[in-house]
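Each chain is listed here by its residues.
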Amino acid sequence: MMVNGFVEELVAAMALPPVARHDRLAALHAGLNVRYRRALRQITPEAAARPLSDGSDPRPVAQIIGHIAAWERFGVLAAGDMLAGIERPRMMTGFDDYRETDGTTHSFATIDAFNAYNAKRFADWSWERLRAFAEDTTNTIHALFTHRLLLNAGRLQQTAPFRMRLQGGPVLDDITLGWGLWLIMLEHPAVEHTAVLDEFSGE
């Protein structure tokens, strides 16, 4: 799906009542999950070590995948907040309280600082290790948002009010942080890094 088409699908979904909106976004997320996992399987170690063929990003493909996975992991932490009833989940209200696997907590002043931290973190990982991590994070974020007993429409509605602009699209004035987080998790690979999907998903 082209970038503009995907954004249009998100806009159409967000115009629906909450339960129907959740169903529509879940269907979009399922398709994206399949496409992204297909791309991950198609990336060889050699391809992972070089930039994208279209020249749209100077970073090695592995670094882009690590970047996507890092944000999805942050999204998993934020999802846990919402499952626990927190109205203002981390990541959506700042870059504090990022927890590593060893339990240590980090705070970041800016998005660039978070990105730099993770680029350094993954620099020495093998492609196979990074691919397994990316597959795990993308499957986890997909399951959390699409399962009806987890981040369902009711839980997303119970978070604090939020206003956001879709990538290249309209401003959504009357949503909540929960819906906003889901939109960010969808837009990041499908819109901001669509070149990875275009090159490796076989579509």
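Each remark here, short or long, concerns the structure printed above.
Read on for a plain summary of the structure.

Calculation rules
- Residues numbered from 1 in each chain as written.
- Predicted model: local features only at pLDDT ≥ 70, side-chain atom pairs only at ≥ 80, totals over all residues.
- Heavy atoms only, no water.
- Phe/Tyr/Trp six-rings, centres within 6.5 Å; stacked < 30°, edge-to-face > 60°.
- Lys NZ or Arg CZ within 6 Å of the ring centre and 35° of its normal.
- Helix = DSSP H or I, 4+ residues; strand = E, 2+ residues; numbered from the N terminus.
- Expected span 1.5 Å × (residues − 1).
- Buried < 20%, exposed > 50% of the residue type's maximum accessible area, 1.4 Å probe, protein only.
- Arc of directions from axis to C-beta.
- Contact = heavy atoms within 4.5 Å.
- Salt bridge = Lys/Arg side-chain N within 4 Å of Asp/Glu carboxyl O.
- Core = buried A, V, L, I, M, F, W, Y, C linked by side-chain atoms within 4.5 Å.

## Describing the packing of aromatic side chains
And then number 1: Scanning all chains against the criterion turns up 15 aromatic pairs.
And then number 2: Taken together, the ring pairs in this structure connect Trp-71, Phe-74, Phe-95, Tyr-98, Phe-108, Phe-114 and Tyr-117 into an aromatic cluster.
And then number 3: The ring of Trp-179 carries the charged tip of Arg-21 above its face, separated from the ring centre by 4.8 Å.
And then number 4: Sitting over the face of the ring of Trp-125, Arg-129 holds its NZ or CZ atom 3.7 Å from the ring centroid.

## Let's talk about helix H5 (residues 111-122)
Given 3.6 residues to a turn, an α-helix orients residues that are three or four positions apart in the same direction.
And then number 1: Between its first and last C-alpha atoms H5 spans 17 Å; for 12 residues at 1.5 Å apiece the expected length is 16 Å, and the two agree.
And then number 2: Among all positions of H5, only Phe-114, Asn-118 and Phe-122 are buried. For H5, the arc enclosing every buried residue in end-on projection is 55 degrees, short of the 170-degree limit, so these residues lie on one face. H5 presents Asp-112 and Lys-120 as exposed residues on the side facing more than 90 degrees away from its buried surface.
And then number 3: Residues of H5 that are buried in the fold lie against helix H4 (61-83), strand E1 (98-99) and helix H6 (127-146).

## What about the pattern of salt bridges?
And then number 1: Taken as a whole and assessed by the stated rule, the structure comprises 10 salt bridges.
And then number 2: We note a salt bridge from Arg-50 to Glu-199, for which the minimum N-O separation is 3.2 Å. With Arg-50 in the loop between helix H3 (45-48) and H4 and Glu-199 in helix H9 (residues 194-200), the pair connects residues that are 149 residues apart, well separated along the chain.
And then number 3: You can call Arg-50 partly exposed: its relative accessible area is 31%.
And then number 4: On the basis of relative accessible area, Glu-199 is assigned to the partly exposed category, the value being 26%.
And then number 5: The partner of Asp-97 in a salt bridge is Arg-90, with the nearest N and O atoms 3.5 Å apart.
And then number 6: Since its relative accessible area comes to 14%, Arg-90 is described here as buried.
And then number 7: A single salt-bridge network, built from bridges that share partners, covers Asp-81, Arg-90, Asp-97 and Arg-99.

## Thoughts on unusual backbone geometry
And then number 1: The residue Met-91 is not glycine, and still its phi comes out positive at about 75 degrees.
And then number 2: Looking at the element boundaries, Met-91 is found in the loop between H4 and E1.
And then number 3: The exposure class assigned to Met-91 is buried, which follows from its relative accessible area of 8%.
And then number 4: A positive phi is found at Asp-97, a non-glycine position, where the angle reads about 60 degrees.
And then number 5: Relative to the elements of secondary structure, Asp-97 occurs in the loop between H4 and E1.

## Details of the nonpolar core
And then number 1: The biggest cluster of nonpolar side chains holds 65 residues, and the ones touching the most others in it are Leu-25, Ile-65, Phe-145 and Leu-183.
And then number 2: Setting aside residues no more than four positions away along its own chain, Ile-65 makes contact with Tyr-36, Leu-40, Ile-43, Trp-127, Ala-134 and Val-196.

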